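The lines below spell out each chain.
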Amino acid sequence: MTTAPWRDPALSAAARVDDLLSRMTLQEKTAQLYGVWVGAASDGEGVAPHQHDMTADYDWAELITHGLGQLTRSFGTAPVDPALGAQALARAQRRIAESGRFGIPAVAHEECLAGFTAWQATAYPVPLAWGASFDPPLVEEMARRIGADLRAAGVHQGLAPVLDVVRDPRWGRVEETIGEDPYLTGTIGAAYVRGLESAGVIATLKHFAGYASSAGARNLAPVRAGVREFADVTLPPFEMALREGGARSVMAAYNETDGVPASADPALLSELLRSEWGFTGTVVSDYFGIGFLQTLHRVAGSPAEAAHAALAAGIDVELPTLKCYGKPLVEAVRAGEIPEELVDRAARRVLLQKCELGLLDEDWTPEPQTTHLDLDSPSNRALARRVAEESVVLLDNPDGVLPLPPDARIAVVGPRAADSLAMLGCYSFPSHVLTHHPEVPMGIEIPTLLEALRTELADAKVTFAEGCDVADPDPAGFEEAVARASEADVCLAVLGDRAGLFGRGTSGEGCDVSDLRLPGAQGELLDALVATGVPVVLVLLTGRPYALGRWQGRLAAVVQAFFPGEEGGPAVAGVLSGRVNPSGRLPVSVPREPGGQPWTYLQPPLGLAGEVSNLDPTPLYAFGHGRSYTTFEWADFTGGEALTEIGTDGSYDVSVTVRNTGDREGAEVVQLYLHDPVASVTRPDVRLVGYQRVELAPGEASRVTFRFHADLSSFTDRSGRRVVEPGALELRVAASSADVRHSARLKLTGSVRELGPDRRLRCEADVSAPG
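On a predicted model such as this, the values are computed, not experimentally measured, just so you know. (Residues numbered from 1 in each chain as written. Predicted model: local features only at pLDDT ≥ 70, side-chain atom pairs only at ≥ 80, totals over all residues. Heavy atoms only, no water.)

A. The arrangement of the packing of helix H18 (residues 449–456) against helix H21 (residues 568–577) in detail. One way to put it is that H18 packs onto H21 with a least axis distance of 8 Å and a crossing angle of 50°. It follows from the interaxial angle that H18 and H21 lie oblique. Our pair here, H18 against H21, has a crossing hand that is right-handed. On H21, the residues touching Leu449, Ala452, Leu453 and Glu456 of H18 are Gly569, Pro570, Val572, Ala573, Gly574, Leu576 and Ser577. Among the residues making up the contact of H18 with H21, the classes are represented as 7 nonpolar, 3 polar and 1 charged. (Axes fitted to C-alpha atoms, helices over the stretch in contact; angles between N-to-C directions. Helix = DSSP H or I, 4+ residues; strand = E, 2+ residues; numbered from the N terminus. Parallel < 35°, antiparallel > 145°, perpendicular 65-115°, else oblique. Left-handed = near helix turned anticlockwise from the far one by under 90°. Contact = heavy atoms within 4.5 Å. Nonpolar A, V, L, I, M, F, W, Y, C, P; charged D, E, K, R; others polar.)

B. The arrangement of the sheet that holds strand S16 (residues 632–638) in detail. The strand order across the open sheet built from 4 strands is S16-S18-S21-S27, with neighbouring strands paired in antiparallel fashion. A single partner strand is all that each edge strand has here, and the edge strands are S16 and strand S27 (764–768). Here the average twist between neighbouring strands, direction ignored, is 25°. Alignment of S16 against strand S18 (residues 651–660), held across 5 bridges, turns out to be antiparallel. Counted as the bridge partner of Ala635 is Thr657 from S18. (Pairing = 2+ DSSP bridges.)

C. Main features of the layout of surface pockets. What the largest pocket holds in volume is close to 960 Å³. Along its surface, the largest pocket is lined by 42 residues, and Pro619, Ala622, Phe623, Ser737 and Ala738 are the ones closest to its centre. For the lining of the largest pocket, the secondary structure elements donating two or more residues are strand S24 (727–736) and strand S25 (739–749). Looking at the lining of the largest pocket residue by residue, the class counts come to 18 nonpolar, 17 polar and 7 charged. (1 Å grid on protein atoms, 1.4 Å probe; cavity = no way out; pocket = protein on both sides within 12 Å on 5 of 7 lines; lining within 4 Å. Points joined across faces, edges and corners; volume = space filled by probe spheres on them.)

D. Molecular detail of the nonpolar core. Of all hydrophobic cores here, the largest spans 202 residues; its most connected members are Tyr192, Phe208, Tyr325 and Leu548. The leading source of residues in this core is helix H15 (residues 340–356), at 8 residues. With residues near it in sequence (within four places) discarded, Leu548 still touches Leu395, Leu538, Leu540, Val558, Val590, Pro591, Arg592, Leu620 and Tyr621. Membership of the second largest hydrophobic core comes to 37 residues, among which are Leu394, Leu424, Leu492 and Ala556. (Core = buried A, V, L, I, M, F, W, Y, C linked by side-chain atoms within 4.5 Å. Buried < 20%, exposed > 50% of the residue type's maximum accessible area, 1.4 Å probe, protein only.)

E. Expanded view of helix H11 (residues 266–276). Looking at H11, one finds that the buried residues are Leu268, Leu269, Ser270, Leu272, Leu273 and Arg274. Its side-chain oxygen placed 3.1 Å from the backbone nitrogen of Ala267, Asp265 serves as the N-cap of H11. Looking one or two residues past H11, Gly278 carries a phi angle of roughly 80°, positive in sign. (Polar contact = N/O pair within 3.5 Å; in protein donor to acceptor, adjacent residues only side chain to side chain.)

F. Broad picture of the packing of aromatic side chains. Applying the stated criterion across every chain, the model contains 16 aromatic pairs. Considering the side-chain rings of Phe75 and Phe116, the 5.4 Å spacing of their centres and the 70° angle between planes classify their relative orientation as edge-to-face. Remark: Phe116 occurs in the loop between strand S3 (107–111) and helix H6 (127–133) and Phe75 occurs in the loop between strand S2 (70–72) and helix H5 (82–99); sequence separation between them is 41 residues. No difference in accessibility class separates Phe75 from Phe116, as the two residues are buried. Taken together, Trp37, Trp171, Tyr211, Tyr254, Tyr287, Phe288 and Phe292 form an aromatic cluster joined through their ring pairs. The residue whose ring lies beneath Lys206 is Tyr427, and the NZ or CZ to ring-centre distance is 5.5 Å. Its guanidinium or amino end placed over the ring of Trp634, Arg741 lies 4.8 Å from that ring's centre, counting from NZ or CZ. (Phe/Tyr/Trp six-rings, centres within 6.5 Å; stacked < 30°, edge-to-face > 60°. Lys NZ or Arg CZ within 6 Å of the ring centre and 35° of its normal.)

G. Representation of unusual backbone geometry. Going from Lys206 to His207, the amide bond is cis rather than trans, its omega being 5°. You can see His207 is positioned in strand S5 (residues 202–208). Between Leu319 and the following residue, Pro320, the backbone shows a cis peptide bond with an omega angle of 5°. Relative to the helices and strands, Pro320 is located in the loop between helix H13 (303–313) and helix H14 (327–334). Even without glycine at this site, Arg73 takes up a positive phi of about 45°. By secondary structure assignment, the location of Arg73 is in the loop between S2 and H5. Although it is not a glycine, Asp258 sits at a positive phi angle of roughly 55°. Along the chain, the position of Asp258 falls in the loop between strand S7 (256–257) and strand S8 (260–261).

H. Examining the environment of Ala160 more closely. Counting through the fold element by element, Ala160 comes out in the loop between strand S4 (157–159) and helix H8 (182–198). As a C-alpha pair, Ala160 and Glu229 span 69 residues in sequence and 23 Å in three-dimensional space. Contact partners of Ala160, with chain neighbours within four places excluded, come to Cys112, Leu113, Tyr192, Leu196, Ala203, Thr204 and Leu205.

Pasting the structure below:
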């Protein structure tokens, strides 16, 4: 029997797909353009809002005779044993292949925001904790491990990372982001993408684009960002993750920007993404996002009109299940209302990706390679612990109360101290899915901070009182909490968030807040504990920063952890005991007042404190801030006081020697900021353009060199061009955006230089022995 050209691996993927498309009917082509959420409930009790409106009725057996583009979250919808789940997925894939004329399986996708969102899978720290680590190689290693687990289970595509840049910390999904700076977000995000893609899993960048800039920090609220904010803050992380990470998929965002929904924006999804950036992968919708063009945005009058708008804009795949790209699309094409060329364009992209994955090959097999699938291996847990340890930020320790003495009397107080879920974000399986299955055990071991502390400090006398609930304003537990604190040498106030979805938590998707006060009665509990006169160490387990100015100068120490995952308890306990020297740095500023700083550190002059307003937005703890139990000396800076001239296409190196002058090992994060004193449009006073984490033994020194290129000073001018302008610049080597150690003055000479998509995105840093 002669093998059809589309089955021939000796031919190019393009030739194979062209041959296959020529053989397919309209229904077979459209079947490649949607996913099916087999486990989705149709009674309104599912994990996402509007699911009851958007889940279509269909006959599974009939549906798959035409083929199927994607299978949605077979592991992430309900608790299933991983090995049995892999076998069930394989059976479903086999049935899909056997039912269609061409034997093409589906692409299986899952969430992997903080690990594989499956029962019994490792729950890693959330992305905001990745940002706090300032350690791209570690994040890449974590993503590679996540990808390996996904592939072992039969999953081809992971819906991560989130590359939205925080613009207002009141937004519920801050925990899912990497931080408030586009350079940090882009470098950490690209590292995650490299790790996931190296395991053979398609990384899906989300949410493209502008989602985090919603008005009032409300989920899905309109975005009113200007063209320069969009170009210079929102888009760079996506460009970096595509160019340097090699992501093969992008998810269109829910939001509208200036009246145009992202899911119906060809300027964004086709002209910019494909024509300018050269992206060749697939664009998928956010869940129900195409249907939302009709039901929420009201820019389409029917499912067919929504399908037309999304296809024309450049969305190739409708997720999570068919609504618009199914029967409405087929009927509209047959009626001549939608050009079939749009279907062909999208189907070709989908099939090219399936070809890359080997799903068009005759020897394809869906069966898992092993009957035992351990998604929470000891090596996974060790890596989760390391990420958690590197992400804990010591915000303050003015009197050296930390580390805690091994035999201290410690009162542990607060609603986050004895709850395993205090460690997890809203897209972890226990928080995301298991809340709907209270009879099912957690599936993974998640030590609470209280348990971890008792293990860490076995000789200490540790007492506990909850004090209050996370969100309830009832102060009924204050009396016991104050009594326990009064009996102790030191009180640990363990406060923070409960992750949830759509108002069922204090942090997470749809859990937006009106201000940045600690949730519920936790602020009042902290006041009561401080009033005892016992030293109070505030330990925060949160998904966003909270305003702490009310307690400035009143706390013995402040430790911040952003949902540090299943090993977060031991990691934080290790910092408190001194076993771990804290090295995390803030990926988001910590505000002073709960309503006075709804934005981020990336402010032009009029966004900073001044005489024109009585509100001072200066943060209590700046972006990039973090303390250590050791000390570091920064010396031998080369950059000097003299003004240096380079061309608008030139480069300049700055170097500094960092020495650990303390008596224990520690890590310093050297940060490079750019200050542009005069430009044709207003610019942030400072912005991050480089950083390097350096681990040093006591007395050890390393020389850090940043290789700055003029491209890194570029911005979008009044005409919409990305340019490098001649004029003065200042490079600031700093320990945070507010703690400058050395600076170098530059003058860019020559004419204005317009940049294209091949511009330099990264400031390379070298670490060497001191000369």
